[in-house]
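So the chains spell out like this:
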Amino acid sequence: DEVAGFVGYGRSFGAPSYFSATINMPTSTDSRWIQPELADMVEGGVKLMELGGVYADVTGWYKYFRFLRDEGDNSLQVIPAAHAYGVEADVTWEPGEVWERVEGIELNAGYAYTGSKVLADIYQGNRMPWYPVHEAWGKASYKFPFGLKFGSSLDFTGKQFTDYGNITQWATGELGIMPSYTLMSAFIGLQAPLPQGWRLEFTVGAKNLLNYVWFTRTDDLNGGILAMRPRTFYFNLGFAHEFIRGRAAEQARSRGPGRPDRKRWTATERRNQRQMMRMMGAWL
């Protein structure tokens, strides 16, 4: 009941663009310019659930890429083969499941290691862009019995290359190493029951609480360094109601009090979230 193993396989597909075909096909008979991008991934690991208040998983994964396209303003490079691999661990502890006096405390920590390499063509042996080697995260929160919850989180992302050539410095800033950065956030929120099954939810928080200066790079028409989100305050307000009782809700009720209905993210979902933060950090 407390330990599970899992294994998965997935394939991602990226259709060739019109730009990819027109920029090279008139003078080339090499079909790779119009081949779809493919990425095959396998992953497997072990999960712990409700083991003394501990929820954890350790995951290993491997992804193989074919026909990766690196499109510039007026040029195109095709990377025939590359791969990435890694291992990550995520642990959440709710000590209140063991000691009633500390019920409401939730602690979370995680770490991810990622390796990557171009396997063919002129960049053979280089690391893949946008794949930091080290990432770490942590979160602590406390929820009062009447529904008020507050907490803080810390996320570290290691340095990474932004191009297949692994250029460390470029005159206009559009290529080069993206330095490591650490972002902190904090929030306070409330879930309050309302009549007839409705629920009020609101949250007040701050992203990049310490106002850390960080940036990303782009080699499109706006080539250069792009400043990312500064300290940002936000407020969310919503009303929720469960009109149709689903299987997840039934299972949560069958657990009884003190048994949270927890979404257990897969390694793939967490990696996608972290990549979105790196690529679109100014808006998320």
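Described in the following lines is the structure provided in the data block. Predicted model, so just to flag it, every value in this text is computed and none were measured.

Parameters at a glance
Within each chain, residue numbers correspond to sequence positions counted from 1 in written order. Where totals are concerned, whole chains, interfaces and linings use all residues; where local detail is concerned, this predicted model gives features only for residues with pLDDT of at least 70, and gives and counts side-chain atom pairs only at 80 or more. With hydrogens and water stripped out, all remaining heavy atoms of the structure feed into the side-chain values. Helix numbering and strand numbering both begin at the N terminus, where a helix is a DSSP run of H or I of at least 4 residues and a strand a DSSP run of E of at least 2. A 1.4 Å probe rolled over the protein chains alone gives each residue an accessible area, and that area as a share of the maximum for its type sets the label: buried under 20%, exposed over 50%, partly exposed in between. Here, residues are in contact when the closest pair of their heavy atoms is within 4.5 Å. Computed with the Shrake-Rupley method and a 1.4 Å probe, the accessible areas treat only the protein chains shown as cover for residues. Each aromatic pair joins two rings of Phe, Tyr and Trp (for Trp, the six-membered one) with centres within 6.5 Å, and gets the label stacked for planes under 30 degrees apart, edge-to-face for over 60, and tilted for any other angle. Any two strands with at least two DSSP bridges between them are considered paired. Here, axes are lines fitted to C-alpha atoms. For helices the fit covers the stretch in contact, and angles between N-to-C directions go from 0 to 180 degrees. Residues belong to one nonpolar core when they are buried, are Ala, Val, Leu, Ile, Met, Phe, Trp, Tyr or Cys, and are joined through side-chain atoms within 4.5 Å. Exposure above 30% relative accessible area and no salt bridge define the residues that can form patches, which grow by joining like charges within 9 Å and nonpolar side chains of Val, Leu, Ile, Met, Phe, Trp and Tyr within 5 Å. Salt bridges are defined by distance alone: a side-chain nitrogen of Lys or Arg within 4 Å of a carboxyl oxygen of Asp or Glu.

**Examining the overall build of the protein**
A count of helical and extended segments in the protein gives three helices and 14 strands. Put simply, the protein has 284 residues, and 32% of those count as buried. Across the protein, every contact between residues at least 6 apart in sequence was considered, and the portion connecting residues at least 24 apart equals 63%. Here the protein displays about 16700 Å² of accessible surface, and carbon together with sulfur accounts for 59% of that area.

**Overview of the packing of aromatic side chains**
Counted according to the given criterion, the structure contains eight aromatic pairs. With centroids separated by 5.3 Å and ring planes inclined at 15°, the aromatic side chains of phenylalanine 144 and phenylalanine 146 adopt a geometry described as stacked. We classify phenylalanine 146 as exposed; its relative accessible area is 55%. Residues phenylalanine 144 and phenylalanine 150 carry aromatic rings whose centres are separated by 6.1 Å and whose planes lie at 40° to one another, so their mutual orientation is tilted.

**What about the sheet that holds strand β10 (residues 181–193)?**
Strand pairing within a sheet occurs via backbone hydrogen bonds; the two strands may be parallel or antiparallel. Strand order across the open sheet formed by ten strands is β1-β2-β3-β4-β5-β6-β7-β10-β11-β14, with antiparallel pairing between neighbours. What marks the edges here is a single partner per strand, and that holds for β1 (3–14) and β14 (232–241). The sheet shows a mean angle of 15° between the axes of neighbouring strands, taken without regard to direction. Relative to β10, strand β7 (residues 148–157) runs antiparallel, the two sharing ten bridges. Opposite serine 152, over in β10, you have alanine 186 as the bridge partner.

**Thoughts on the pairing of strand β11 (residues 198–207)**
As paired elements, β10 and β11 share eight bridges and run antiparallel to each other. Its bridge partner lying in β11, proline 193 is registered against arginine 199. The antiparallel hairpin formed by β10 and β11 contains four residues in its connecting segment, where glutamine 196 sits at a positive phi of about 60°.

**Things to note about unusual backbone geometry**
For tryptophan 130, which is not a glycine, the phi torsion comes out positive at approximately 65°. A relative accessible area of 15% places tryptophan 130 in the buried class. One non-glycine residue with positive phi stands out, namely asparagine 166, at about 55°. Tracing the backbone shows asparagine 166 in the loop between β8 (160–161) and β9 (177–178).

**Considerations on the nonpolar core**
Ranked by size, the top nonpolar core spans 13 residues in total, and within it Phe65, Leu68, Ile79, Met128 and Tyr164 carry the most contacts. Elements supplying a minimum of two residues to this core: β2 (37–51), β3 (54–71) and β4 (76–93). Discounting chain neighbours no more than four positions away, the residues touching tyrosine 164 are Leu68, Asp70, Ile79, Val118, Tyr123, Asn126, Arg127, Met128 and Pro129. In this structure, Trp130, Tyr181, Trp214 and Met228 belong to the second largest nonpolar core, which totals six residues.

**Quick word on a nonpolar patch on the surface**
Judged by side-chain polarity, Phe150, Ile188, Leu194, Trp198, Val204, Phe235, Leu237, Phe239, Phe243 and Ile244 come together as a nonpolar surface patch covering roughly 1100 Å² of accessible area. Contributing elements (two or more residues each) for the nonpolar patch: β11 and β14. Structurally, tryptophan 198 is set in strand β11. Here tryptophan 198 falls in the partly exposed class, since its relative accessible area comes to 35%.

**Some points on the pattern of salt bridges**
Using the criterion set out here, one finds four salt bridges in the structure. With a closest N to O distance of 3.6 Å, glutamate 37 and arginine 69 form a salt bridge. With glutamate 37 in strand β2 and arginine 69 in strand β3, this pair connects stretches of sequence that are 32 residues apart. Owing to a relative accessible area of 22%, glutamate 37 belongs among the partly exposed residues under this scheme. Arginine 69 gets classed as buried once you look at its relative accessible area, which sits at 13%.

Coordinates in, geometry out; function isn't part of it.
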